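Structural characterization, general
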Amino acid sequence: MEVIEEIEYEGLSPNAGLGVNMAAGALAGITEHAVMFPVDSIKTRMQVFATSPAAVYTGVGNAFTRISSTEGMRALWRGVSSVIMGAGPAHAVHFGAYELVKEFAGGNVEGASNQWIATSLAGASATIASDALMNPFDVIKQRMQLHKSEFRSALVCARTVYRTEGLSAFYVSYPTTLTMTVPFTAVQFTVYEQLKAFLNPVGAYSPATHIVAGGLAGAVAGAVTTPLDVAKTILQTRGTSADPEIRHCRGLADAFRIIWTRDGLKGFARGLAPRVLTFMPSNALCWLSYEFFKAAIRD
């Protein structure tokens, strides 16, 4: 009887090639963002300082119930087209840069003492590159996610923002995004790689390892960077606000001042629960998809 050889995903060479890593990253990114998009929509709405009582929510469950009952389930998916358009290229660059820098820094050398430094450096470098691509798509996404958003098309939203606010509107949050996502990604990749090595030291095929390590890495990284994410949301949605102070918010310092003045310390944790709920399963799915697609494409 012919024995079918089992593929050891983790046993494959880490030097899979730039094209494989980029393709795997693109597919993983689209999968991750599409599946968790409704929770991300709730997070965005909870982070903005809404003027309408109808847009103030007490929690994730309350937001889901009220949005779905008053606006319909489709409202929770508004803006997903922007994410799909941006997530593929951005995640391709993200994972491609990650593997490239990790290899260059010696992170693929078995038993190397500087492995955690290499993965942190690779994660941070990957974020700088991918966020430059993703930031405009993220701005469009959040404009469409807002309560009573006038936009139903990502292209219409992009044209309107560009016409009324200029190109800078797509990148006003980029420094804040980097300030948030560089440490987020460094923490995420480092926790993931360390947990993966701890849970699966032999490197055998183990989807459970990717799920647990990816989920915990996403939860930790998402929680510690929530204050920066609140500031980023304020900057990216300022053009739709009727509040003059928010509308003229120029950067991270202004956003932090507004948050502190209006909501105190608890304001920096706005959207914490949906953010963790988004990143825990989405990161687990992302890493599982990435490792699977990387192996499948190579095979």
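On a predicted model such as this, the values are computed, not experimentally measured, just so you know.

1. What to know about the overall build of the chain
When helices and strands are counted, the chain shows 12 helices and zero strands. When the helices and strands of the chain are placed in sequence order, the string is α-α-α-α-α-α-α-α-α-α-α-α. Within the chain, counting contacts between residues at least 6 apart in sequence, those at least 24 apart form 76% of the total. As displayed, the chain has an accessible area near 13800 Å², and 66% of this comes from carbon and sulfur atoms.

2. Looking at the packing of helix α2 (residues 37-47) against helix α9 (residues 226-236)
At a minimum axis distance of 9 Å, the contact between α2 and α9 shows a crossing angle of 80°. Classified by the angle between their axes, α2 and α9 sit roughly perpendicular to one another. Side by side, α2 and α9 meet where Lys43, Thr44 and Gln47 of the first sit next to Asp229, Val230 and Thr233 of the second. Considered class by class, the residues forming the contact of α2 with α9 number one nonpolar, three polar and two charged.

3. A word on the environment of Tyr290
Mapping Tyr290 onto the fold places it in helix α12 (residues 272-298). C-alpha of Tyr290 to C-alpha of Ala24: the two residues are 266 residues apart in sequence and 5.2 Å apart in space.

4. Here's the deal with α9
In terms of burial, α9 is a largely internal element, 10 of the 11 residues being buried. Restricting attention to buried positions, one finds in α9 the residues Thr226, Leu228, Asp229, Val230, Ala231, Lys232, Thr233, Ile234, Leu235 and Gln236.

5. Here we look at the nonpolar core
Generally speaking, nonpolar side chains in soluble globular proteins are found buried as a group. Grouped together as the largest cluster of nonpolar side chains are 15 residues, with contacts concentrated most on Phe95, Tyr98, Phe189, Tyr192, Trp287 and Tyr290. Looking at this core, the elements that each hand over two or more residues are α1 (18-35), α4 (80-104), α5 (115-145), α7 (174-199), α8 (207-224) and α12. Considering each element in turn, this core owes the most residues, four residues, to α4. Residues Phe49, Ala231, Ile234 and Leu235 belong to the second largest nonpolar core, which totals 12 residues.

6. Section: the side chain of Thr176
The residue Thr176 is located in helix α7 in this model. Classification of Thr176 by relative accessible area gives buried; the value is 3%. For Thr176, the contacting residues outside a window of four places in its chain are Leu228, Ala231, Lys232, Leu235 and Leu252.

7. As for the confidence of the model for the chain
Chain-level statistics for the chain give a pLDDT mean of 84 and a share of 88% at 70 or above. Taken together, the stretch residues 1-13 has pLDDT below 50 and engages in 17 contacts with residues farther than four places along the chain or on a different chain.

8. Quick look at unusual backbone geometry
Unlike most non-glycine residues, Lys148 shows phi in positive territory, near 55°. Judged by relative accessible area, Lys148 falls into the exposed class, the value being 71%.

9. Some words on the packing of aromatic side chains
Tallying each qualifying case throughout the model produces seven aromatic pairs. Between Tyr171 and Tyr174 the ring centres are 5.9 Å apart and the planes differ by 85°, which places this aromatic pair in the edge-to-face class. Overall, Tyr171 belongs to the partly exposed group, its relative accessible area being 34%. For Tyr174, a relative accessible area of 18% translates into the label buried.

10. Details of the packing of α9 against helix α11 (residues 252-263)
In the contact formed by α9 and α11, the axes pass within 9 Å of each other and the chain directions differ by 105°. With respect to α11, the element α9 is oriented roughly perpendicular. The residues of α11 that touch α9, namely those facing Pro227, Leu228, Val230, Ala231, Ile234 and Leu235, are Leu252, Ala255, Phe256 and Ile259. Classifying every residue of the contact of α9 with α11 gives 10 nonpolar, no polar and no charged.

What counts and what doesn't
- Residues numbered from 1 in each chain as written.
- Predicted model: local features only at pLDDT ≥ 70, side-chain atom pairs only at ≥ 80, totals over all residues.
- Heavy atoms only, no water.
- Helix = DSSP H or I, 4+ residues; strand = E, 2+ residues; numbered from the N terminus.
- Contact = heavy atoms within 4.5 Å.
- Areas by Shrake-Rupley, 256 points an atom, 1.4 Å probe, with all protein chains shown as cover.
- Axes fitted to C-alpha atoms, helices over the stretch in contact; angles between N-to-C directions.
- Parallel < 35°, antiparallel > 145°, perpendicular 65-115°, else oblique.
- Nonpolar A, V, L, I, M, F, W, Y, C, P; charged D, E, K, R; others polar.
- Buried < 20%, exposed > 50% of the residue type's maximum accessible area, 1.4 Å probe, protein only.
- Core = buried A, V, L, I, M, F, W, Y, C linked by side-chain atoms within 4.5 Å.
- pLDDT = per-residue confidence, 0-100.
- Phe/Tyr/Trp six-rings, centres within 6.5 Å; stacked < 30°, edge-to-face > 60°.

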